Amino acid sequence: LTKRIIRDNGNDILCNAYPPKDRVRCTTSGSTLEPMAFYDTKENHVSISFGARQRVRSAHGVGLGTKCVFLSIRYQPDSIGTRISRGTIEGLNRTLRLYSSLIFRDGISKYAEKAYKFRPEVILGSPSPVGVLARYLQHNPGLTPRVHAVLVGGEQLTLQDRELFRNVFNCETYDSYGAEEQHTIAFQCREHDGYHIVAENTVVEIVDDANRLLPPGQPGRVLITNLHNYAMPLIRYDLGDIAVASDAQCRCGRGLPMLSSLLGREGEMIYTRSRGKIPGLYLWYECVKLLADRGIEQYQIVQEEAGEIVVEISAAKEGLRDPSSLERSLKNEFGKILGEDTGILLRQVEKIVIPEYAKRKFVVSLLKEKGSVSGL
Ligand SMILES: [Zn+2]
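The rules behind the values
- Residues numbered from 1 in each chain as written.
- Predicted model: local features only at pLDDT ≥ 70, side-chain atom pairs only at ≥ 80, totals over all residues.
- Heavy atoms only, no water.
- Donors = N, O, S within 2.8 Å, 3.2 Å for Na, K, Ca; no water.
- Tetrahedral: all angles 85-135°; square planar, octahedral: opposite > 155°, others 65-115°.
- Helix = DSSP H or I, 4+ residues; strand = E, 2+ residues; numbered from the N terminus.
- Buried < 20%, exposed > 50% of the residue type's maximum accessible area, 1.4 Å probe, protein only.
- Pairing = 2+ DSSP bridges.
- Axes fitted to C-alpha atoms, helices over the stretch in contact; angles between N-to-C directions.
- Contact = heavy atoms within 4.5 Å.
- 1 Å grid on protein atoms, 1.4 Å probe; cavity = no way out; pocket = protein on both sides within 12 Å on 5 of 7 lines; lining within 4 Å.
- Points joined across faces, edges and corners; volume = space filled by probe spheres on them.
- Nonpolar A, V, L, I, M, F, W, Y, C, P; charged D, E, K, R; others polar.
- Parallel < 35°, antiparallel > 145°, perpendicular 65-115°, else oblique.
- Left-handed = near helix turned anticlockwise from the far one by under 90°.
- Arc of directions from axis to C-beta.
- Polar contact = N/O pair within 3.5 Å; in protein donor to acceptor, adjacent residues only side chain to side chain.
- Phe/Tyr/Trp six-rings, centres within 6.5 Å; stacked < 30°, edge-to-face > 60°.
- Lys NZ or Arg CZ within 6 Å of the ring centre and 35° of its normal.

J.: What's the story with the coordination of the zinc ion in this structure? I'm lost.
T.: The zinc ion binds to the protein through Cys189 (SG), His196 (NE2), Cys250 (SG) and Cys252 (SG); the donor distances cover 2.1 to 2.3 Å. Taken together, the four donor atoms coordinating the zinc ion and their angles of 104 to 116° define a geometry best described as tetrahedral. Donor residues binding the zinc ion come from one chain and are separated in sequence as C-x6-H-x53-C-x1-C. On the criterion of sequence distance, the pair formed by cysteine 189 in the loop between strand 8 (183–187) and strand 9 (195–197) and cysteine 252 in the loop between strand 12 (237–246) and strand 13 (258–265) is long-range, its members being 63 residues apart. Cysteine 252 gets classed as partly exposed once you look at its relative accessible area, which sits at 30%.

J.: Explain the sheet that holds strand 16 (residues 298–305) here, please?
T.: Backbone-to-backbone hydrogen bonds pair the strands of a sheet. The strands run either parallel or antiparallel. Taken in spatial order, the four strands line up as 18-17-16-19 in an open sheet, and their pairing is mixed. On the outer flanks of this sheet lie strand 18 (343–348) and strand 19 (363–365), each paired with one strand and no other. With direction set aside, neighbouring strand axes in the sheet form an average angle of 25°. As defined by bridge partners, strand 16 adjoins strand 17 (residues 308–314) across six bridges and the pair is classed as antiparallel. By the bridge assignment for strand 17, isoleucine 301 is matched with valine 311. Sheet strands touched by helix 9 (residues 323–338): strand 16, strand 17 and strand 18. Its angle to strand 18, the strand with the most contacts, is close to 145°.

J.: I would appreciate a short explanation of the layout of surface pockets in the present structure.
T.: A water-sized probe, rolled over the atoms, reveals where empty space remains. Of the volumes computed, that of the second largest pocket is approximately 380 Å³. In this structure, the second largest pocket is lined by 19 residues; those nearest its centre are Leu157, Leu159, Ser261, Leu262 and Leu281. The set of elements that each furnish at least two residues to the lining of the second largest pocket consists of helix 7 (159–169), strand 13 and helix 8 (284–292). Ranked by residue count, the leading element in the lining of the second largest pocket is strand 13, at four residues. Grouping the amino acids of the lining of the second largest pocket by side-chain chemistry returns nine nonpolar, seven polar and three charged.

J.: Before we go on, may I ask you to explain the packing of helix 6 (residues 127–139) against helix 7 in this structure?
T.: The angle between the axes and the distance between the axes are what describe a pair of packed helices. Relative to each other, helix 6 and helix 7 sit at 45°, their axes nearing to 10 Å. Considering the angle they form, helix 6 stands oblique to helix 7. As helix 6 packs across helix 7, the resulting crossing turns out to be left-handed. Here helix 6 contributes Pro127, Val130, Gly131, Leu133, Ala134, Arg135, Leu137 and Gln138 to the contact with helix 7, which in turn contributes Asp161, Leu164, Phe165, Val168 and Phe169. Each residue belonging to the contact of helix 6 with helix 7 can be placed in one class, and the counts come to nine nonpolar, two polar and two charged.

J.: Looking at this structure, how should I read helix 5 (residues 108–117)?
T.: Structural remark: α-helix, 3.6 residues per turn; residues separated by three or four positions point the same way. Three or more residues of helix 5 are buried, namely Tyr111, Ala112 and Ala115. Seen from one end, helix 5 has its buried residues packed into an arc of 95°, which puts them on one side. Count one or two residues on from helix 5 and you reach arginine 119, which has phi positive near 55°.

J.: What should I look at first to understand the side chain of aspartate 40 in this one?
T.: Structurally, aspartate 40 is set in strand 2 (residues 37–41). Reaching out from aspartate 40, the side chain makes a polar contact with the side chain of asparagine 44 at a distance of 3.0 Å. Here the side chain of aspartate 40 touches histidine 183 through a polar contact of 3.4 Å, side chain to side chain. Setting aside its immediate chain neighbours within four residues, aspartate 40 contacts Asp22, Arg23, Val24, Cys26, His45, His183, Asn229 and Ala231.

J.: Where do I start with the packing of aromatic side chains in this structure?
T.: The way to describe two aromatic rings as a pair is by their centre distance and the angle between their planes. A full pass over the atoms with the stated rule returns one aromatic pair. A cation over a ring is seen here: lysine 67 above phenylalanine 118, with NZ or CZ 4.7 Å from the ring centre. The ring centre of phenylalanine 70 lies 4.4 Å from the NZ or CZ of arginine 97, which sits over that ring.

See the structure below:
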């Protein structure tokens, strides 16, 4: 079951026996530029999802009433109804929600001030807006709130983000994995060693391209089955994400099944010449190592043709001192992962542009648009 099938056949998947008054129409936020409408039961949408979220938060010392600042990635404001109901619940629960749009409207200093003055105990949000705040606080440490944890989700959390947040906020960051269609799917406990699946709400399967179950340790597509949505049963629903299952037992003692890692979206896979497709995130560490040393903060990998990638960087105004040496290093290091026959090019651009409503991406694949790869 894919997003496209739901979009094209929504009413056929709807359960006729389920009372319409007990269901609720939802839409995905469109953060991946493809919003989709679906139905959920009111119970699942409200109580069960709330319980799942609260369980994750309580694993990190966040109870009802703990003061939290929620840094939301949404740039467009919510509808008035959503704002009133959410504002009431969050107000009672002592949560302050700050939208990324405030950064553009009022400037980052106002945004940081608002977060600081609220005196939160915990920061919640997506890695991008937390990162924007953290980078500002590096130069303005007086506005750093004293929090005991940073809880993120909704976007890829990189090692670099985690390091930055630890340095700035002086505490640990915990990641969780979810989707609007299934709320919280998996979460990191204090051990930071993989993700516990919220198994009482979701069945998670990691499969290959023929939908066959993959053994632990092998990256594959994530299929989820929602165990509580009787209004529109989502069975073996393809979220478009790539993850790795694990058969390890976590030291924390939770008996829930585990994922060892999340590797991003299917659209962030790199198609190599001789090694098949490889998660783009495998290049992340090398990328940071090679580029950060040269003071390059903005970069992304673009795949326009299968078997070839372009590393786009936005260098300082004076340009890069020795681009050919960087290109050689990239070829060397990336070649070990992608195979030496995969083309690796360096391109300097003025600015890395992120679409306004989209999540940040490390790998931008244009193969789907170009129709270069079938089955994408
Ligand atoms: Zn654990």
